[in-house]
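# Fold and geometry: a report
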Amino acid sequence: NVLKGASFVPGTSTAVDDQGHGTHVAGTIAQTTNNGKGVAGVAPDATILPVKVLSKWGFGSSSWIAAGIDYAVDEGADVINLSLGGGYSKVIHNSIKKARAKGVIVVAAAGNSGKRGVGYPGALEETIGVAATGPDGVVAPYSSYGKGVDIAAPGGNKQITGGGILQDTIDGKGGHHYAEFQGTSIA
């Protein structure tokens, strides 16, 4: 169940995934299940509102991200997933505070530094900061950890054969394929 969505990246008119990260995360959340093919999402009845706030190279500005958060809230999102990270941004924090004030749950990746210290926005009190575990059930070696982590979930560990999280993913050229990713975004 995918809505049209919107892009807040200048020069990009649609929310179509041009890198693969967004569709991998969205599929992990809401991929169709019980259809005899592929893999399953954890919430297959969820509706996805794609909001592009990062370029095809994975970079963006705080204003793009904040505008995307505000848009998702205005469109009636119940949950916002922020599988992105960086330094503290007051403009992003203010948008997250507004989302929370309207009852929207905000989930954010902890980061992939492999060190103590959760990246933003995952470290914010208003978000549910998510660390990653590997197939062995322990914190993955790349996962950031410490204050700000509220939960850990399977994020894969590709150092172990077959240890990535498999998902149907847009390949950036208009096609799709099954790919194994790892990371706190995936968790």
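Right, let's walk through the structure included here. The written sequence of each chain sets the order in which its residues are numbered from 1. Totals for whole chains, interfaces and linings use every residue, but because this is a predicted model, local features are given only for residues with pLDDT of at least 70 and side-chain atom pairs only at 80 or more, for both listing and counting. Think of the side-chain values as coming from all heavy atoms in the structure, minus any hydrogens and water.

## Here's the deal with the overall build of the protein chain
Secondary structure elements follow DSSP: runs of H or I of four or more residues count as helices, runs of E of two or more count as strands, with numbering from the N terminus. The helix and strand inventory of the protein chain stands at 3 helices and 8 strands. Sequence-ordered secondary structure for the protein chain, helices as α and strands as β, is β-α-β-α-β-α-β-β-β-β-β. Atoms counted for the radius of gyration: C-alpha only. Globule rule: 2.2 Å times the number of residues to the power 0.38. A compact globule built from 187 residues would reach a C-alpha radius of gyration of about 16 Å, and the protein chain, at 16 Å, matches this within 12%. With respect to the principal axes defined by its C-alpha atoms, the protein chain has extents near 40 × 35 × 30 Å.

## As for the packing of aromatic side chains
The pairing test for Phe, Tyr and Trp rings, Trp by its six-membered ring, is centres within 6.5 Å, and the orientation test on the planes gives stacked under 30 degrees, edge-to-face over 60, and tilted for anything in between. Taken as a whole and assessed by the stated rule, the structure comprises 2 aromatic pairs. Aromatic side chains Tyr88 and Tyr120 sit 5.4 Å apart centroid to centroid with 80° between the ring planes, which places their arrangement in the edge-to-face category. Placement of the pair is Tyr88 in the loop between strand 3 (79-82) and helix 3 (90-101) and Tyr120 in the loop between strand 4 (105-109) and strand 5 (128-133), with a sequence separation of 32 residues. Relative accessibility thresholds used throughout: buried, under 20% of the residue-type maximum; exposed, over 50%; partly exposed, between the two (1.4 Å probe, protein chains only). Take Tyr88: its relative accessible area is 47%, and that puts it in the partly exposed class.

## Section: the nonpolar core
Of all hydrophobic cores here, the largest spans 16 residues; its most connected members are Ile65, Ile69, Ile80, Leu82, Ile96 and Ala99. The greatest single-element share of this core, amounting to 4 residues, is contributed by helix 2 (residues 62-74). Beyond its immediate stretch of four places on either side in the chain, Ile80 contacts Ile69, Ala72, Val73, Ala99, Val104, Ile105, Val106 and Val107. We call a set of buried residues a nonpolar core when its members are Ala, Val, Leu, Ile, Met, Phe, Trp, Tyr or Cys and they connect through side-chain atoms within 4.5 Å of each other. Two residues qualify as a contact provided that any one of their heavy atoms is within 4.5 Å of a heavy atom in the partner residue.

## Describing the packing of helix 2 against helix 3
Here an axis means a line fitted to C-alpha atoms, over the contact stretch when the element is a helix, while the angle between two N-to-C directions is reported on a 0 to 180 degree scale. Viewed as axis vectors pointing N to C, helix 2 and helix 3 meet at an angle of 10°, and their least axial separation amounts to 8 Å. By the angle between their directions, the pair helix 2 and helix 3 is classed as roughly parallel. The segment helix 2 lies against helix 3, with Ser62, Ser63, Ile65, Ala66, Ile69, Asp70 and Val73 engaging Val91, Ile92, Ser95, Ile96, Lys98 and Ala99. Any residue outside Ala, Val, Leu, Ile, Met, Phe, Trp, Tyr, Cys, Pro, Asp, Glu, Lys and Arg is labelled polar, Gly included; the first ten of those are nonpolar and the last four are charged. Broken down by class, the residue content of the contact of helix 2 with helix 3 amounts to 8 nonpolar, 3 polar and 2 charged. Reported orientations rely on four angle classes, namely roughly parallel under 35 degrees, roughly antiparallel over 145, roughly perpendicular from 65 to 115, and oblique for the rest.

## Observations concerning the sheet that holds strand 3
DSSP-based pairing: two strands are paired if at least 2 bridges between them are found. As summarised here, the arrangement of the 4 strands in space is 3-4-5-6, forming an open sheet in which the pairing is parallel. Only two strands of the sheet have a single partner each, and these edge strands are strand 3 and strand 6 (149-154). Neighbour-to-neighbour, the strand axes of the sheet open up by a mean angle of 30°, direction not taken into account. Sheet analysis places strand 4 next to strand 5, joined by 3 bridges and oriented parallel. In the sheet register, Ala108 faces strand 5, and the bridge partner there is Gly129. With respect to the sheet, helix 3 is in contact with strand 3 and strand 4, its orientation differing from that of strand 4 by roughly 140°.

## Focus on the pattern of salt bridges
Any Lys or Arg side-chain nitrogen found within 4 Å of a carboxyl oxygen on Asp or Glu counts as a salt bridge. Taken as a whole, this structure holds 2 salt bridges when the rule is applied. With its nearest N and O atoms 3.3 Å apart, the salt bridge here joins Lys52 to Asp18. With Lys52 in strand 2 (residues 51-52) and Asp18 in the loop between strand 1 (6-7) and helix 1 (21-30), this residue pair connects regions lying 34 residues apart in the sequence. Assessed through its relative accessible area of 8%, Lys52 is described here as buried.

## Some thoughts on a nonpolar patch on the surface
Each patch is built from residues lacking any salt bridge and having more than 30% relative accessible area; the joining distance is 9 Å for like charges and 5 Å for nonpolar side chains (Val, Leu, Ile, Met, Phe, Trp, Tyr). Residue burial considers only the protein chains on display, and all accessible areas are found by Shrake-Rupley using a 1.4 Å probe. The grouping of Val79, Ile105, Ile128 and Ile151 at the surface amounts to a nonpolar patch, some 320 Å² of accessible area in total. Relative to the elements of secondary structure, Ile128 occurs in strand 5. Under the relative-accessibility criterion, Ile128 is labelled partly exposed at 35%.

Taken by themselves, the reported measurements are silent on function.
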